[in-house]
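Chain residues, written in single-letter form:
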Amino acid sequence: MARVLIVAEHDGRALNASTAKCVSCAASFAPSAIDIAVFASDGGAVAAQAAALEGATGVIRVDHPANENALAAVAAPQIAELSAGYTHVFGPSTTFGKDLMPRVAALLGVGQLSDIMNAESAWRFKRPFYAGNAILTVEAPEDRPVVATVRTASYQAAEDSGNAPISQRTIETELPTHTRYVELRSDSGGGRPDLQTASRVVSGGRGVGSSENFQIIERLADALGAAVGASRAAVDAGYAGNDLQVGQTGKIIAPDLYIAVGISGAIQHLTGIKDAGVIVAINKDSEAPLFEVADIGLVADLFAAVPELAEALGEQARSGS
Amino acid sequence: MTVVDTILVPLKRVVDANVRVRVKPDGSGMALDGVKMSINPFDEIALEEALRIRERGETGEVVVVSIGTQVWTQQLRAGLAMGADRAILVETDQELEPLTVARTLMALVEREHSELVILGKQAIDGDNNQTGQMLAAIWGRPQACFTSHLRFSDRVATAMREVDAGLEVIEVDLPAVVTTDLRLNEPRYTKLPDILKAKKKPLQTLSLAELNVDPEVQFRVLGIEPPPQRPSGVKVSDVAELVQALRQKGVV
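Residues numbered from 1 in each chain as written. Chains lettered and ligands numbered in written order. Predicted model: local features only at pLDDT ≥ 70, side-chain atom pairs only at ≥ 80, totals over all residues. Heavy atoms only, no water.

### Some words on the overall build of chain B
Counting its secondary structure elements, chain B contains six helices and 13 strands. Summarising its shape, the C-alpha atoms of chain B cover approximately 65 × 45 × 40 Å along the three principal directions. Relative to its 252 residues, chain B shows a buried fraction of 56%. Partitioning the intrachain contacts of chain B with sequence separation of at least 6 by distance along the chain shows that 72% fall at a separation of at least 24. (Helix = DSSP H or I, 4+ residues; strand = E, 2+ residues; numbered from the N terminus. Buried < 20%, exposed > 50% of the residue type's maximum accessible area, 1.4 Å probe, protein only. Contact = heavy atoms within 4.5 Å.)

The following block contains the structure:
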């Protein structure tokens, strides 16, 4: 019978929604246990949030000063120690999980599965590769732990109506000091919803033309209560921060509404938005590949159309309809 | 001042990033016949970074390594033309899982006494994003993954990492593994004289057996299929129609 250990992603205060998606993935093959491990300097608040996830059978708090900031080299040996007795060790396919889980797998002497999008059983999984141009079905051997990352865009977050017991664990493994956290620089957000979990996202591409013009994107996002995203071209050109990049090598997202403005739609971008509910493309180039996947396309000059759209939607929000 | 004597840069041969690859109709694999192949773009960035480190006098040599068939020497020669000093091909016709690739790189690190390995954060075919982290784990050394800025001071590397929340700065002691993100640098173009010069640079061939690596296969591939297609949408002619369409879909 499968027993799953999930590594919680958090910032020391709040549990990241990616963890609830890992729980949903695990629950889909009905294992006998879904335990969530919280590595922190003081994991009380995060553990309580994890314990509330429907489907979780237990939360294991590993409090240690070295766990103040998540470092893969520090967390991996602790997870390897904790993984005894589990058949599966899962993390999210966010930069946190992608950094960490291969290191865990290699310490355990096993391979790792990236980006699980569907679990046909506890040992049979689907995952995308070639920038989402193909889906692979693979079977993992049952005689060794399955270490994997879960493609968060493929799963709904587990509800928070649960009440799993919380326990404390002390790790015996000696922790490395060769890797040290310095700081996190974050300049985007502006009080907007988180790109990875937002139900609405407005993204800008090269067509936006400059970082000043990117305000057009931000105003439309604000009129919709949406998060802001960007194509790789826009990030490379310095119009937007790296944490806003959507696509194969950026964030894979699944909002209910995705509005792409001035984005031509390279395959690397499309792979990041395939699971969106409704995709809208606004571009003056009617040949832009994004129109091939868009549910609604508008061929127009973005500098006229986007402010007009923001105005129309803002009015709607003000009138409460 | 030299920080490390030898930097290893693994190069993977992949389908060119501009090619739209498709699943073969019979689902047996990807249709790759006659398709343009290139150095994995992230690995090219890794090589560029290693060359810049050498140009700053912080390393003695840059060695490019590949693990594949003889045809992979095309990418190694391209790496030599970019400026690498020498190349190693670990010859195999098997498709290796990332853990085996990491074990092979570990054997090469020991053989070459390298103290810094720079490689792409992921290959654009497998999209696994694992090899660098696995190498660091097996080596018992630090990893600086998804790096967009890298500097050295004595035996410490300071890396800026592109993470979901923004840019994270970490310090790692050498030896270490660095994986590259897109914005670390812009790789140089190769000039014709360099391509000619590259033909004279040393290229050594080894086998997995010589490196004592067992190419075990852990994951069994049961099938490959194309992704589900989104149904085609509608075009609207102005913003008013767009708002109308959004309302009809119930998303605003």
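Let's pick the thread back up.
### Quick word on the packing of aromatic side chains
Counted under the stated rule, the structure contains three aromatic pairs over all chains. When the ring of Phe29(A) is compared with that of Phe125(A), the centres are 6.4 Å apart and the planes differ by 80°; the resulting orientation is edge-to-face. A residue pair is termed long-range when its members are at least 10 positions apart, and Phe29(A) in the loop between helix 1 (17–27) and strand 2 (33–40) and Phe125(A) in strand 7 (residues 124–129) qualify at 96 residues. We classify Phe29(A) as buried; its relative accessible area is 12%. Ring centres of Phe129(A) and Tyr130(A) lie 5.0 Å apart, and the angle between their planes is 65°; on these two criteria the pair is classed as edge-to-face. Pair check on accessibility: Phe129(A) and Tyr130(A) agree, each one buried. Ring-pair connections join several aromatic residues into one group, and the members of that group are Phe29(A), Phe90(A) and Phe125(A). Above the face of the Tyr86(A) ring, Arg3(A) is positioned so that its terminal group lies 5.1 Å from the ring centre. Of note, Lys235(B) hangs over the ring of Phe291(A), and the distance from its end group to the ring centre comes to 4.6 Å. (Phe/Tyr/Trp six-rings, centres within 6.5 Å; stacked < 30°, edge-to-face > 60°. Lys NZ or Arg CZ within 6 Å of the ring centre and 35° of its normal.)

### Let's talk about empty space enclosed by the protein
With the rule as written, the count across this model stands at four cavities of 30 Å³ or more. The calculated volume of the largest cavity comes to roughly 160 Å³. Taken together, 16 residues make up the lining of the largest cavity; nearest its centre are Thr95(A), Thr249(A), Gly250(A), Lys121(B) and Glu162(B). Listing elements by their share of the lining of the largest cavity, those giving two or more residues are helix 4 (95–107) of chain A together with strand 8 (156–163) of chain B. Its residues placed into classes, the lining of the largest cavity shows two nonpolar, six polar and eight charged. By volume, the second largest cavity amounts to about 100 Å³. (1 Å grid on protein atoms, 1.4 Å probe; cavity = no way out; pocket = protein on both sides within 12 Å on 5 of 7 lines; lining within 4 Å. Points joined across faces, edges and corners; volume = space filled by probe spheres on them. Nonpolar A, V, L, I, M, F, W, Y, C, P; charged D, E, K, R; others polar.)

### Considerations on the interface of chain B and chain A
On the side of chain A, 87 residues touch chain B, which itself brings 75 residues to the contact. At the boundary of chain B with chain A, total buried surface from both sides reaches about 7,000 Å², with 54% on carbon and sulfur atoms. Ranking the residues of chain B by area buried against chain A places Asp164(B), Phe219(B) and Arg230(B) at the top, with a combined share of 11%. The interface formed by chain B and chain A includes eight salt bridges. Salt-bridge contacts for Arg183(B) lead to Asp236(A); the nearest nitrogen and oxygen are separated by 2.9 Å. At the surface where chain B touches chain A, the tally comes to 46 residue pairs in polar contact (both at pLDDT 80 or more). Elements that contribute at least two residues to the side of chain B that touches chain A include exactly helix 3 (98–112), helix 4 (131–139), strand 7 (143–153), strand 8, strand 9 (166–173), strand 12 (220–225), strand 13 (234–236) and helix 6 (239–248) of chain B. By residue number, the principal contributor to the side of chain B that touches chain A is strand 9 of chain B, which donates eight residues. Broken down by class, the residue content of the side of chain B that touches chain A amounts to 41 nonpolar, 13 polar and 21 charged. Here five bridges tie strand 8 (residues 134–139) of chain A to strand 12 of chain B, and the two strands are oriented antiparallel to one another. Paired with Leu136(A) across the strands is Ile224(B), a residue of strand 12 of chain B. (Buried area = accessible area lost by both parts, 1.4 Å probe. Salt bridge = Lys/Arg side-chain N within 4 Å of Asp/Glu carboxyl O. Polar contact = N/O pair within 3.5 Å; in protein donor to acceptor, adjacent residues only side chain to side chain. Pairing = 2+ DSSP bridges.)

### Quick look at the domain arrangement of chain A
Residue and element names in this part refer to chain A. On domain assignment, one finds that chain A holds domain 1 (3–168) and domain 2 (200–319). Look at where the C-alpha atoms of domain 1 and domain 2 centre, and you get two points 31 Å apart. Each partner contributes to the interface: domain 1 provides six residues, whereas domain 2 provides nine residues. Taking both partners together, domain 1 and domain 2 bury about 610 Å²; carbon and sulfur atoms supply 40% of that area. Counting the surface domain 1 buries against domain 2, the share from its top three residues, Ala 131, Arg 151 and Ala 153, is 68%. Seen at the junction of domain 1 and domain 2, the total is one salt bridge. Measuring nitrogen to oxygen at the nearest pair gives 2.8 Å for the salt bridge that ties Arg 151 to Asp 275. Our enumeration of links across domain 1 and domain 2 arrives at three residue pairs in polar contact (both at pLDDT 80 or more). (Domains from an automatic or database assignment.)

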